[in-house]
Amino acid sequence: AIAGHEKVIGFDMGGTSTDVSHYAGEFEREFETQVAGVRMRAPMMSIHTVAAGGGSILTFDGARFRVGPQSAGANPGPASYRRGGPLAVTDANVMVGKVQPRYFPKVFGPGGDASLDDGVVRQKFGALAVQIGRPAEEVAEGFINIAVQQMANAIKKISVARGYDVTRYTLQCFGGAGGQHACLVADALGMTHVFVH
């Protein structure tokens, strides 16, 4: 509100999931909800979560691309973390150049003193590219598009499905991976403003 945004969609993309919320003058609360199959009656913030984060594992089953719901977590983390992890959304961003290892601190690998490994990312996407028959960058972009659609659908569930015109809202971006995807998510929803505090 101080920054001049009255209608906001919260977009918090972290390592394992993305949390989205709706704000139009007041914080929304739920008084009865289900968490992991358990029914709870307690007031809590109304936040919708989907399993799409920087650590969401990328798989190809021979017919289609999948993003998540499994996550590489922080350990072993994505392949680029140098701990033998699987390809994840973060690696797709490394492959397309959105995440550039030379701008990151050297805190990866078993000793916590190495840079992100773009070599293993290129190697793994290269193997997938041969299997799929498309260029490696195109494969990575395809996985990113799937993740973006999952996040956009989560936002539609809390906005469009409830009668709100999401194009009049500002996408409030935060979380460790939010900045890598906020513009793509906004484009997918027809939103014209992204606010990064």
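Every residue gets a number counted from 1 within its own chain, in the order that chain's sequence is written. pLDDT decides what is reported in this predicted model: residues at 70 or higher carry local features, side-chain atom pairs at 80 or more are listed and counted, and totals for whole chains, interfaces and linings draw on all residues regardless. With hydrogens and water set aside, each side-chain value is computed from the structure's full complement of heavy atoms.

A. Region of the structure containing a nonpolar patch on the surface. Together, Phe27, Met45 and Ile47 make up a nonpolar patch on the protein surface, roughly 310 Å² of accessible area in all. To qualify as a helix, a DSSP run of H or I must reach at least 4 residues; to qualify as a strand, a run of E must reach at least 2; elements of each kind are numbered from the N terminus. Position of Ile47 relative to the elements: it lies in the loop between β6 (44–45) and β7 (48–50). A relative accessible area of 49% places Ile47 in the partly exposed class. A patch is a set of surface residues, each over 30% in relative accessible area and not in a salt bridge, joined within 9 Å for like charges and within 5 Å for the nonpolar side chains Val, Leu, Ile, Met, Phe, Trp and Tyr. For every accessible area listed, the method is Shrake-Rupley and the probe measures 1.4 Å; residues are considered covered only by the protein chains on display. The term salt bridge refers to a side-chain nitrogen of Lys or Arg lying within 4 Å of a carboxyl oxygen of Asp or Glu. Burial status follows relative accessibility: with a 1.4 Å probe on protein chains alone, a residue under 20% of its type maximum counts as buried, one over 50% as exposed, and anything between as partly exposed.

B. Molecular detail of the packing of aromatic side chains. Only Phe, Tyr and Trp rings take part, Trp by its six-membered ring, and two of them pair if their centres are within 6.5 Å. Stacked means planes under 30 degrees apart, edge-to-face means over 60, and tilted covers everything else. Enumeration over the complete set of coordinates arrives at six aromatic pairs. An angle of 55° between the planes, with centres 5.2 Å apart, marks the rings of Tyr23 and Phe27 as tilted. With a relative accessible area of 24%, Tyr23 lands in the partly exposed category. Ring-pair connections join several aromatic residues into one group, and the members of that group are Phe60, Phe65, Phe125 and Phe143.

C. Molecular detail of the sheet that holds strand β2 (residues 18–23). Criterion used throughout: strands pair if DSSP finds at least two bridges between them. With respect to topology, five strands assemble into an open sheet ordered β7-β2-β1-β10-β11, the strand pairing being mixed. Only two strands of the sheet have a single partner each, and these edge strands are β7 and β11 (193–196). The average undirected angle you get between the axes of adjacent strands in this sheet is 25°. Where β2 lies against β7, three bridges are found, and the strand directions are antiparallel. Paired with Val20 across the bridge in β7 is His48. The contact definition used throughout considers only heavy atoms, calling two residues in contact when any of these lie within 4.5 Å. A fitted line through C-alpha atoms represents every axis, and for helices the fit uses only the stretch in contact; the resulting angles, taken between N-to-C directions, go from 0 to 180 degrees. The strands that helix α3 (residues 136–158) touches are β1 (8–13), β2, β7 and β10 (170–174); relative to β2, the one it contacts most, it runs at about 30°. Running over the sheet, helix α4 (residues 178–189) touches β1, β10 and β11 and is turned about 165° from β10.

D. Structural view of the pairing of strand β9 (residues 65–71). Here strand β8 (residues 56–60) runs beside β9; their pairing, made up of four bridges, is antiparallel. Following the sheet pairing, Ser56 is matched in β9 by Ser71. Joining the antiparallel neighbours β8 and β9 is a turn of four residues, in which Gly62 adopts a positive phi near 100°.

E. Examining the nonpolar core more closely. Phe11, Phe125, Ile155 and Leu171 are the most contacted members of the largest nonpolar core, which totals 47 residues. Mapped onto this core, the elements with two or more residues apiece are β1, β8, β9, α1 (89–95), α2 (118–132), α3, β10 and α4. Top contributing element to this core by residue count: α3, with twelve residues. In this description, a nonpolar core means a group of buried Ala, Val, Leu, Ile, Met, Phe, Trp, Tyr and Cys residues linked to one another through side-chain atoms lying within 4.5 Å.

F. Looking closely at the pattern of salt bridges. For the coordinates displayed, the defined rule picks out six salt bridges. One salt bridge in this structure joins Asp117 and Arg82, with 3.8 Å as the shortest N-O distance. Taken as a pair, Asp117 in the loop between α1 and α2 and Arg82 in the loop between β9 and α1 lie far apart in primary sequence, 35 residues in all. With relative accessibility at 18%, the residue Asp117 sits in the buried group. Two residues, Asp118 and Arg122, come together in a salt bridge whose shortest N-O distance is 3.2 Å. In this pair, Asp118 and Arg122 both sit in helix α2, four residues apart, roughly one turn of the helix.

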